[in-house]
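Coordinate inspection notes
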Amino acid sequence: MATVTFENVRRSYPGSDRPAVDRLDLDIADGELLVLVGPSGCGKSTTLRMLAGLDDNDDGRIFIGDRDVTSVPPKDRDIAMVFQNYALYPHMTVAENMGFALRLAKIGKAERASRVARAAEMLDLTAYLDRKPKALSGGQRQRVAMGRAIVRSPQVFCMDEPLSNLDAKMRVRTRTDIAALQAELGVTTVYVTHDQVEAMTLGSRVAVMRDGVIQQVDTPLALYDRPANEFVAGFIGSPQMNLLPGVATDGGVRLADDVIPLRTGVRGPVTVGIRPEDWTVTSDPSRGLGAQVTLVEKLGSDSYVYAATEIDGRRQTVVVRAPARGTTATGDLIRLTADPERVHLFDSVTGRRVD
């Protein structure tokens, strides 16, 4: 096991007008599961590939432990990759796939069999060791790919969107398996995904990327409660945070005809962030933001109410989390109040958080 450090790492692709990864500084602790998350093209997979040595960085240095691996070939970095497409050999059995890297490393047959059996037991694959990949489900194939990484006992696991090819139910189960397995093994893991739910449930810390630049690195709860900027606020959370144009005044923050009482150090235009669960539908017609319900999604445990309002002459959609058996219906006129302690403010020009 080891720490992972990126020092001022940069990577550009020919023909691109901006770097894929720009001046990346990141420290990953020994035994930590760090998730890189962001939209497609943000540089997260490039970051993982540079760590694995599959892509060269143009500038900066990469360390595994105290060892500078910037120019070290992939096979000598002591890293195990888990890909989204499994990358299994179709003509080999599960046991042969899992032990293939050990055979290349000239590990003895008895030791190979012992490691494979131990990994298969951890992954509930013992009954499938003699099967070929075509006889397995998608979730089982992914566990084989994980087993192939585990048997090598590497210093670092690199996982590149390993759940993206699974159906929703299997994705949840496998996500739980990965979290439990990583905690048991204690191997430093860098996990790439575009799915913020995966990021929030898996990572001990999460790094949010945009356009090759890390926007914020923090625990999942800290990202949710104190996003550093408007991008992180809108990306983390499902449904995403409501981001509305407002005006900071002496009395608080004005949204259309409503004023949320807040003490701020700014005056003038701001972006107001309110999560769906921090709205309350009020029966007082003199309070809150007026809106008309356009859709109610009933999800069993909760409902999500979508409502249209007008702020500064522009139509805005607001999402509200409501009780599952509430009486709000499409077409209703409602008034919404927000908990001042849960309101987020962002600079309307830079997008940075305003405290």
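Everything below is about the structure shown above.
Residues numbered from 1 in each chain as written. Predicted model: local features only at pLDDT ≥ 70, side-chain atom pairs only at ≥ 80, totals over all residues. Heavy atoms only, no water.

What about empty space enclosed by the protein?
Per the counting criterion, the structure on display carries two cavities of 30 Å³ or more. The computed volume of the largest cavity comes to approximately 60 Å³. Residue lining of the largest cavity: Val82, Met146, Ala149, Ile150, Phe157, Met159, Ile178, Leu181, Gln182, Leu185 and Thr189, and that is the complete set. Sorting the residues of the lining of the largest cavity by element identifies helix H4 (138–150), strand E7 (156–160) and helix H5 (168–185) as the ones contributing at least two each. Examining the composition of the lining of the largest cavity, we find that four residues originate from one element, H5, more than from any other. Taken together, the residues of the lining of the largest cavity sort by class into nine nonpolar, two polar and no charged. (1 Å grid on protein atoms, 1.4 Å probe; cavity = no way out; pocket = protein on both sides within 12 Å on 5 of 7 lines; lining within 4 Å. Points joined across faces, edges and corners; volume = space filled by probe spheres on them. Helix = DSSP H or I, 4+ residues; strand = E, 2+ residues; numbered from the N terminus. Nonpolar A, V, L, I, M, F, W, Y, C, P; charged D, E, K, R; others polar.)

Quick notes on the pattern of salt bridges
With the rule as written, the count across this model stands at 16 salt bridges. In this structure, the salt-bridge partner of Glu111 is Arg115, at a minimum N-O distance of 3.0 Å. Taken together, the residues Glu111 and Arg115, both in helix H3 (residues 109–122) and four residues apart, mark about one turn of the helix. The exposure class assigned to Glu111 is partly exposed, which follows from its relative accessible area of 37%. Using a relative accessible area of 18% as the deciding quantity, one classes Arg115 as buried. Across the pair Asp355 and Arg226 runs a salt bridge, and its minimum N-O distance is 3.0 Å. Taken together, the residues span a long stretch of sequence, with Asp355 in the segment after strand E21 (353–354) and Arg226 in the loop between helix H7 (220–225) and helix H8 (230–235) at a distance of 129 residues. Residue Asp355 is classed as exposed on the basis of its relative accessible area of 65%. Residues participating in the shared-partner salt-bridge network are Glu7, Arg61 and Asp68. (Salt bridge = Lys/Arg side-chain N within 4 Å of Asp/Glu carboxyl O. Buried < 20%, exposed > 50% of the residue type's maximum accessible area, 1.4 Å probe, protein only.)

Re the sheet that holds strand E10 (residues 213–218)
A sheet is described by the order of its strands in space; here six strands give the open sequence E6-E7-E8-E3-E9-E10, paired in mixed fashion. Whereas interior strands pair on both sides, the edge strands pair on one side only; in this sheet they are strand E6 (79–82) and E10. On average, each strand axis in the sheet is tilted by 20° relative to the strand beside it, whichever way the strands run. Here E7 runs beside strand E8 (residues 188–193); their pairing, made up of five bridges, is parallel. When the bridges of E8 are listed, Val156 appears paired with Thr188. Lying over the sheet, H4 contacts E6 and E7, oriented at roughly 175° with respect to E6. (Pairing = 2+ DSSP bridges. Axes fitted to C-alpha atoms, helices over the stretch in contact; angles between N-to-C directions. Contact = heavy atoms within 4.5 Å.)

Here's the deal with the nonpolar core
Residues Val35, Met98, Tyr191 and Val208 are the most contacted members of the largest nonpolar core, which totals 41 residues. Residues in contact with Met98, not counting those within four places in the same chain, are Val116, Ala119, Ala120, Leu125, Leu129, Val144, Gly147, Arg148 and Val151. (Core = buried A, V, L, I, M, F, W, Y, C linked by side-chain atoms within 4.5 Å.)

Quick look at the layout of surface pockets
Space inside the largest pocket adds up to approximately 500 Å³. Where the lining of the largest pocket is concerned, the elements lending two or more residues are E6, helix H2 (94–104) and H4. Partitioned by chemical class, the residues of the lining of the largest pocket number 13 nonpolar, no polar and three charged.

Considering the packing of aromatic side chains
Scanning all chains against the criterion turns up two aromatic pairs. Judged by centre distance (5.7 Å) and plane angle (20°), the ring pair of Phe231 and Phe235 falls under stacked. Here Phe235 and Phe231 lie together in helix H8, a separation of four residues that amounts to about one turn. For Phe235, a relative accessible area of 17% corresponds to the buried category. When the ring centre of Tyr224 is taken as origin, the NZ or CZ atom of Arg275, which lies over that ring, is 3.8 Å away. (Phe/Tyr/Trp six-rings, centres within 6.5 Å; stacked < 30°, edge-to-face > 60°. Lys NZ or Arg CZ within 6 Å of the ring centre and 35° of its normal.)

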